[in-house]
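These are the residues of each chain, in order.
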Amino acid sequence: MRNKVIGLLLGVSGVVHAGPPAHEHGVAELRIALDGRSLLVEFESPLDNLVGFEHAPRTIGQRKALQEAEARIGEPAGLFRLPQAAACVAREVEVASPFSDADPDEGTHDHEHRYGHREGDDSGHADVHAAYRFECANPDALDAVELELLRVFPGIRSLRVHSATPRGQSSLRFGPDRARAPLRVAL
Amino acid sequence: MRAPLWHLAWRSLANRSLTVALTVLAVAISVAMLLGVERLRQDAREGFARTVSGTDLIVGARSGPVQLLLYSIFHLGDATNNVSWRSLQSIAAHPQVAWLVPLSLGDTHRGFRVVGTSRAFFEHYRHGRGRTLAFEQGRAFDGVFEAVVGAEVAARHGYVPGQRIVVSHGAGGLGSAEHDDRPFTITGVLARSGTPVDRSVLVSLEAIEAIHLNWSGGVRMPGLDLPAERIERFDLTPKAVTAALVGLKSRTAVFSVQRHVNDFRDEPLLAILPGATLQQLWSMLAIAERALLAVSALVVVAGLAALVAVMVAGLNERRRELAILRALGAGPGRIFVLLALESQFIAVLGCATGLALVHTGILVGAPWLEARFGLELQAGWPGSSEWRMLAFVLLAAAVASLVPGWRAWRQSLAEGMTIRI
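Given the structure is predicted, the values throughout are model-derived calculations rather than measurements. (Residues numbered from 1 in each chain as written. Chains lettered and ligands numbered in written order. Predicted model: local features only at pLDDT ≥ 70, side-chain atom pairs only at ≥ 80, totals over all residues. Heavy atoms only, no water.)

On to the overall build of chain B, then. A count of helices and strands for chain B gives 14 helices and 16 strands. With 421 residues in all, chain B has 51% of them scored as buried. Intrachain contacts of chain B at a sequence separation of at least 6 include 76% that bridge at least 24 residues. Only carbon and sulfur atoms are counted for the fraction: they give 61% of the accessible area of chain B, which is about 19600 Å². (Helix = DSSP H or I, 4+ residues; strand = E, 2+ residues; numbered from the N terminus. Buried < 20%, exposed > 50% of the residue type's maximum accessible area, 1.4 Å probe, protein only. Contact = heavy atoms within 4.5 Å. Areas by Shrake-Rupley, 256 points an atom, 1.4 Å probe, with all protein chains shown as cover.)

What follows concerns a nonpolar patch on the surface. Residues and elements named next belong to chain B. A cluster of nonpolar side chains, namely Leu 18, Leu 22, Leu 25, Ile 29 and Leu 357, defines an oily patch on the protein surface of about 490 Å² accessible area. Among the elements that make up the nonpolar patch, the one with the highest residue count is helix α2 (residues 17-51) (4 residues). Here Ile 29 lies in helix α2. (Patch = residues over 30% accessible without salt bridge, like charges linked within 9 Å, V, L, I, M, F, W, Y side chains within 5 Å. Salt bridge = Lys/Arg side-chain N within 4 Å of Asp/Glu carboxyl O.)

Right, let's talk about the pattern of salt bridges for a bit. One pass over the full model with this rule turns up 21 salt bridges over all chains. Taking the shortest distance from any N to any O, the salt bridge between B:Arg251 and A:Asp35 comes out at 3.9 Å. You can see B:Arg251 sitting in the loop between β15 (243-248) and α9 (254-262) and its partner A:Asp35 sitting in strand β1 (residues 27-35), one on each of two chains. The salt bridge partner of B:Arg41 is B:Glu38, with a shortest N-O separation of 3.1 Å. Residue B:Arg41 and its partner B:Glu38 are both found in helix α2; the two are separated by 3 residues, about one turn of the helix. Exposure remark for B:Glu38: the relative accessible area of 2% places this residue in the buried category. Here the residues in one salt-bridge network are A:Glu29, A:Arg31, A:Glu42, A:Glu44 and B:Arg259, joined through shared partners.

Before going further, it helps to spend a moment on the domain arrangement of chain B. According to the domain assignment, chain B consists of domain 1 (5-48 + 285-415) and domain 2 (57-272). Centre-to-centre, using C-alpha coordinates, domain 1 of chain B lies 50 Å away from domain 2 of chain B. (Domains from an automatic or database assignment.)

Taking 1.5 Å as the rise per residue, helix α10 (residues 274-317) of chain B with 44 residues should run 64 Å; its terminal C-alpha atoms sit 62 Å apart, in good agreement. At B:Leu285, α10(B) is deflected by roughly 45°, the largest bend along its length. (Expected span 1.5 Å × (residues − 1). Bend = angle between axes of the 7 residues up to and from the residue.)

All names here are of chain A. Among the 10 residues of strand β4 (residues 127-136), 8 are classified as buried, and the element is accordingly described as predominantly covered. Bridge count for strand β2 (residues 38-46) against β4 is 9 bridges, and the pairing is antiparallel. Across the sheet, residue Val 41 finds its bridge partner in β4, namely Tyr 132. Note that strand β3 (residues 88-96) and β4 share 8 bridges and pair antiparallel. Residue pairing across strands places Cys 88 opposite Cys 136, the latter belonging to β4. (Pairing = 2+ DSSP bridges.)

Residue and element names in this part refer to chain B. Along the polypeptide, Leu 357 turns up in helix α12 (residues 332-373). Residue classification places Leu 357 among the partly exposed residues on the basis of a relative accessible area of 37%. Residues within four places of Leu 357 in sequence aside, it is in contact with Ala 28, Ile 29 and Ala 32.

Dropping the structure here:
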């Protein structure tokens, strides 16, 4: 049943841009929402972009690569840099990654992340999903986000950044040559 | 005493004022086109962006995000499917949803869209920098057969509160069915907002249900005339609407509510972030915009080519003038600079005239464009992109002005002072 649901969702995800994104290697998605002082950033990417494979790790090298990638995703500071002046402090970090030894049960998860998992399924695709919640003392200073993750994970060649801030909503594509996402509405 | 070169150039131009004026006009028109296209592009974008402020999500039947945005907000194109009322109620009950305004489209009044909605629309719809809709006259609809008209609808047909109007079934036009058994009383006229609301007739959702009560298959059933009093006794809760605007308690929930709607179990639904979708639309249209810009750039090239042609052609007539300058001691270098300066003068004049043309055009054409297409143009000081374009034109003109300069320089070297008449 679950597979069927995912199949259905993947089938339409080309249209539904911020539902489960189309599983397209080389492409990842970052969603940024700001309200008052609280800032939410969601990251979603096919596992292949991060480690170069999409199955349960088979070798020690792959296991290590997976652990390293997970560790990096767990550290928001290494993935995207927020302006110093905004004084944002990470309050909550949530990583949902398939095939991980430390992968917690489905039950402990917010069910919003259910499509992030396809544990143990060697033939299919696998996505990594992460959510970071920040508290920003000076949210007005949040004028742009440096997309470090494009440097950290060269497998991501295109990053779609959706944002919803008091200044408006936007949806733009970024690549390694353009790794600074403005949070002001550009006409 | 040697007159400064620019003075000489200016006097020489003044001497040939008609040719120069025509050349200035050619450059001016090309520059006006370039700047006009850019201004239109920017103002259209701004107008669209202004329309969707204040709404966190738009919910509709699953189709394309851009399509949903266009038919629900901008009344462009049509919906493929409706959203069931039950699903909307369930979305409205989501703990993060602060308000939900349903929209029901499909009927028209004299070519203007009739929008079925709730009174909450007047409270929550925002345009510009968070401005609400204001009433020019009257109040919001209250009863079933009451309507509020937008500023443009009222202006076109001279509507005032108290008047009665009839709604057409579907797109309207010759031979289409009229809901003339159920006229609406206008209760209010909205102030101009520069959004598609100006060109809409707003009624309650119940009214949309009520006017279709005794209809079947797109026509009124003969012999079944329901008096208005009896209609109130029917259950006028809509079964489905076209789309809904959703506001959230916290913006940070926008992506999780969007997922909630997109993963909705009972019905394939789509939720979009209107501002983000608008940007996707612009990136899709970028190719067309670039093509338009390329065409206007080519027109500028044509204008500058005309400038060069006029200057070069003029050299023949000016052999004597240039020869005299040479006789008075002007070196070939000075002749070169003189001609280049003259061309540059024309280009600068052309740019200034072009700028003036665009602004006059905007001042004259803006009311018509706004009435006809809802496009609001702003006459104002040119923005940074327009200055960049002007600088680019002047740079191109500077390069182009080297051609007549070079021709004059060569001519004056080759022919010296021997004039064959």
